[in-house]
Structure formats: C-alpha cells, structure tokens
Amino acid sequence: MAYTIEEEQELNELKAWWQENYKSIIVIAILTFSGVFGWRYWQDYQVTKSQTLSAQYDQLIDNASNPNVYSAQLNQFVQENGKTSYAVLALLDKAKVEVGQQNFTDAESTLKQALSNANDDILMSISAIRLATVQYQLQKFDDALASLNQVKGKTWDVRKLLLAGDIQLAKGNKEAAKSNFEQALKTTNSFEQSLIQIRLNNL
C-alpha cells in the first residue's frame, strides 16, 4: 500500500528523530535496566547477609556455655561485623556475662564498645543505660550521668530518671535525686509509682 505525502513526511521525520536520539534512548534504557537490576541485587544481598548474620549469631549464643570458645568466637564476630545490630547484641550478651561474674571493669569496656557501634536509637539507648548502671556500680557517678545523656526517646524516661536519681543520691545530692524521682513519679504506672514513692520517703 502506497503512503500518502503526509504519511511519507511523518515517516521521514520519525526516521530523522530516531537518527538524532537513538543513542540517548538506548543509554537511558540501559541505565534504567541496570538501576532496577542493581536495586534488586542489593535487596537480595542485604536479605542474604542478614540471614547469614542471624545464623552466625545463633551459633555464637549456642556456644555461650563454653567460655573459651565463646570469647574467641565473639571477638571475631564483633571484629568482622562491628557496625551491625547483631554485633551490638553480642556485645550486650558479653557484658551481661561479665556483670554476672561481678567483672564490672570489663563490662564497662564492653558496653562502651557496644554504644560506639550501635547504629540505631534503641540499641544505643539500651547500651547507654546498661553502661550507666555498670558505671554506677563502679562509683563512676559523673561518667554514669554522662552515659545517661546518650539515651534517646521517651520510652526510656522512667528508667533514666530513676537511675539518675540513684546516682545523684549516691553523690550526696538529695535535691537532685528528689527532682529525678518526682519527675519519674509523674510519668509511670501505679505499681512503679509505689516503688518510686518509697525512694522519696527514704530521702
């Protein structure tokens, strides 16, 4: 079938446009395909990595009953995966064992590492509260208060205020302790309120 003059003109214009733009179109198509493929590859890689770390962490915890094996494996695990949540959890587990052994100096060092490696507010806050608790046991009261300042989020307010009150009381600062306990009293449930009231009554 013969083309009309208008159709021939449109066809020639389309051919000319294609000659001018086909390279750009091909490049865009390649980049788009690469981007989609790269994103899917990255997602798959992250899922696989997370599953591998989870399995390694579970294996680590299974060996906790064997102190020598557990310590060596934990150190290697943290060294290889220091900025991941699993490494921070491993350090928190290690500190818990050290506290159970009354080894507060090593627990402080372990919790400082956990706090440094924590990459989200929840793990950071847990690490900071536990570090402050250990420093309180070591009578490093100013260090403990400084650690509490790194706790983030209202979720931890009561625990933070109670510990800060205990620390201030240990320092002999009853007014600061009272202020912390009174603030905690306003933000907690009835059961905890009774326990806090006991603290206040004993000041």
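Refer to the preceding data block for the structure.
Anyway, here's the lowdown on the structure attached to this text. Treat the numbers as computed from the prediction; the structure is a model and nothing was measured. (Residues numbered from 1 in each chain as written. Predicted model: local features only at pLDDT ≥ 70, side-chain atom pairs only at ≥ 80, totals over all residues. Heavy atoms only, no water.)

Remarks on the overall build of the chain
Argument step 1. Counting its secondary structure elements, the chain contains nine helices and zero strands.
Argument step 2. The order of α-helices and β-strands along the chain, N terminus first, is α-α-α-α-α-α-α-α-α.
Argument step 3. A total of 203 residues make up the chain; the buried ones form 30% of that total.
Argument step 4. Accessible surface for the chain amounts to roughly 13,500 Å². Of this, 54% is attributable to carbon and sulfur atoms. (Helix = DSSP H or I, 4+ residues; strand = E, 2+ residues; numbered from the N terminus. Buried < 20%, exposed > 50% of the residue type's maximum accessible area, 1.4 Å probe, protein only. Areas by Shrake-Rupley, 256 points an atom, 1.4 Å probe, with all protein chains shown as cover.)

Things to note about the environment of Gln-150
Argument step 1. Of note, Gln-150 is situated in the loop between helix H6 (141–148) and helix H7 (157–170).
Argument step 2. Apart from residues no more than four positions distant in its own chain, Gln-150 is found in contact with Leu-115, Met-124 and Ala-128. (Contact = heavy atoms within 4.5 Å.)

Concerning the pattern of salt bridges
Argument step 1. One pass over the full model with this rule turns up four salt bridges.
Argument step 2. A salt bridge links Asp-142 to Lys-171; its shortest N-O distance comes to 2.7 Å. Residue Asp-142 is located in helix H6, and its partner Lys-171 is located in the loop between H7 and helix H8 (174–186); the two are separated by 29 residues in the primary sequence.
Argument step 3. Each of Glu-108, Lys-112 and Lys-140 takes part in one network of salt bridges that share partners. (Salt bridge = Lys/Arg side-chain N within 4 Å of Asp/Glu carboxyl O.)

Here we look at the side chain of Asn-117
Argument step 1. Among the structural elements, Asn-117 can be located in helix H4 (residues 104–117).
Argument step 2. You can call Asn-117 buried: its relative accessible area is 11%.
Argument step 3. What Asn-117 contacts, discounting residues up to four positions off in sequence, is Val-78, Gly-82, Lys-83, Val-88 and Leu-91.

Examining the packing of aromatic side chains
Argument step 1. Inspection of every chain in the model, using the stated rule, returns one aromatic pair.
Argument step 2. A centroid spacing of 6.2 Å and a plane angle of 50 degrees characterise the contact between Tyr-136 and Phe-141, whose relative ring orientation is tilted.
Argument step 3. With a relative accessible area of 25%, Tyr-136 lands in the partly exposed category. (Phe/Tyr/Trp six-rings, centres within 6.5 Å; stacked < 30°, edge-to-face > 60°.)

Observations regarding the nonpolar core
Argument step 1. Ranked by size, the top nonpolar core spans 31 residues in total, and within it Val-88, Leu-92, Leu-111, Leu-148, Val-151 and Ile-167 carry the most contacts.
Argument step 2. Elements with a contribution of two residues or more to this core: helix H2 (67–80), helix H3 (85–100), H4, helix H5 (121–137), H6 and H7.
Argument step 3. With near-sequence residues (within four places) excluded, Val-88 lies in contact with Ala-114, Asn-117, Ala-118, Leu-123 and Ser-127.
Argument step 4. Listed in part, the eight residues of the second largest apolar core include Val-158, Leu-161, Ala-177 and Ile-196. (Core = buried A, V, L, I, M, F, W, Y, C linked by side-chain atoms within 4.5 Å.)

Considering H7
Each turn of an α-helix holds 3.6 residues, which means side chains three or four residues apart point in the same direction.
Argument step 1. Across its 14 residues, H7 extends 20 Å between first and last C-alpha, which sits within 8% of the 20 Å expected from 1.5 Å per residue.
Argument step 2. Turning to H7, its buried residues number three or more, namely Val-158, Leu-161, Leu-162, Leu-163, Ala-164, Gly-165, Asp-166, Ile-167 and Gln-168.
Argument step 3. Looking one or two residues past H7, Gly-172 carries a phi angle of roughly 90 degrees, positive in sign. (Expected span 1.5 Å × (residues − 1).)

Section: H8
Argument step 1. For H8, built from 13 residues, the straight-helix expectation of 18 Å at 1.5 Å per residue is met to within 8% by its first-to-last C-alpha distance of 19 Å.
Argument step 2. Looking only at H8, the buried set comprises Ala-177, Asn-180, Phe-181 and Ala-184. Looking straight down H8, one finds that the buried residues subtend no more than 95 degrees of arc, so they occupy a single side. Residues of H8 that are exposed and point over 90 degrees away from its buried face: Glu-175 and Lys-186. (Arc of directions from axis to C-beta.)

Describing the side chain of Asn-180
Argument step 1. Following the sequence through the fold, Asn-180 ends up in helix H8.
Argument step 2. Ignoring sequence-local partners within four residues, the contact set of Asn-180 consists of Leu-161, Ala-164, Gly-165 and Gln-168.

Describing unusual backbone geometry
Argument step 1. Despite not being glycine, Gln-102 has its phi angle at roughly 60 degrees, a positive value.
Argument step 2. Residue position: Gln-102 is located in the loop between H3 and H4.
Argument step 3. Taking relative accessible area as the criterion, Gln-102 reaches 58% and is therefore assigned exposed.

Just geometry here; none of it tells us what the structure is for.
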